[in-house]
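Here is what each chain is made of, one letter per residue.
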Amino acid sequence: QQQARSEMQKMVADNEEFLRKIERTLSILKKIRNEQKLDELAKKAEELINRQSEILENMDKKDADLNKEDRMQDKMTNDLQRFENAFNDIRKELMSEEMVPQLLMDNIEKQIREAEFNKQSENARKNMQAGNKENAKKSGEKIKSDMQRVMEHVKSAKKQLTENFKNKIYNDLKRITYDLLSLSE
């Protein structure tokens, strides 16, 4: 009976250790997934910057077709909204898991809110429709510069997440090494 109890305790301890390892693995996978999401968000921001640049360059041409640019800007408006939604989704996830400093995510959120991407894009469209290239370009340039700032902050958040992850792994390895040394004594 004593042997059965001892084996049962060992089995419970093994199961608990197995669960800790699974939780640690899940935590690592979540962090990797969130790094990827931030990376995708930064790439999406870069893509939006490039597309806005293309619209601006096309408007500079003598034979610019403002109707075509208006359609491109309309698609841009929708994509800017999707970008904001994607940011809000990942922000919620990162904040719930406390993976990136709140201040950094709040700063990105504030920049997106203050940039008023949809309003600026709609202004650009209205000016294109009215044939007012200069004001359309001003709105387009504002979108581009604001998105560049947002992209840099998203990259900074990814870097912070990566650094936090590296530090956690380093500290875990240090703790494991200490535990192993303690056991060997």
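Provided above is the structure to which this section pertains.
Residues numbered from 1 in each chain as written. Predicted model: local features only at pLDDT ≥ 70, side-chain atom pairs only at ≥ 80, totals over all residues. Heavy atoms only, no water.

Please clarify how unusual backbone geometry should be interpreted in this entry.
Glycine aside, the phi torsion of most residues is negative, and most peptide linkages are trans. Phi at Glu-116 takes a positive value of approximately 45°, unusual for a residue other than glycine. Position of Glu-116 relative to the elements: it lies in the loop between α3 (102-115) and α4 (117-129). (Helix = DSSP H or I, 4+ residues; strand = E, 2+ residues; numbered from the N terminus.)

Looking at this structure, I do not really get the packing of α4 against helix α5 (residues 133-184). What am I missing?
Helix-helix packing is characterised by the crossing angle of the two axes and by the distance between the axes. With their axes 7 Å apart at the nearest point, α4 and α5 run at an angle of 155° to one another. Taken together, the axis directions place α4 and α5 in an arrangement best described as roughly antiparallel. In terms of crossing hand, the pair formed by α4 and α5 is left-handed. When α4 is examined against α5, the residues Phe-117, Gln-120, Ser-121, Asn-123, Ala-124, Asn-127 and Met-128 are found in contact with a partner set consisting of Asn-135, Ala-136, Ser-139, Gly-140, Lys-142, Ile-143, Asp-146, Met-147 and Val-150. Each residue belonging to the contact of α4 with α5 can be placed in one class, and the counts come to seven nonpolar, seven polar and two charged. (Axes fitted to C-alpha atoms, helices over the stretch in contact; angles between N-to-C directions. Parallel < 35°, antiparallel > 145°, perpendicular 65-115°, else oblique. Left-handed = near helix turned anticlockwise from the far one by under 90°. Contact = heavy atoms within 4.5 Å. Nonpolar A, V, L, I, M, F, W, Y, C, P; charged D, E, K, R; others polar.)

For this particular structure, what's the right way to read the nonpolar core?
Most often, soluble globular proteins keep nonpolar side chains buried together rather than apart. Membership of the largest hydrophobic core comes to 34 residues, with the highest contact counts inside it found for Phe-83, Met-105, Ile-108, Phe-117, Met-147 and Val-150. The element best represented in this core is helix α1 (residues 2-60), accounting for nine residues. Setting aside residues up to four positions removed in sequence, Phe-83 forms contacts with Leu-41, Lys-44, Ala-45, Leu-48, Ile-112, Met-147 and Val-150. (Core = buried A, V, L, I, M, F, W, Y, C linked by side-chain atoms within 4.5 Å. Buried < 20%, exposed > 50% of the residue type's maximum accessible area, 1.4 Å probe, protein only.)

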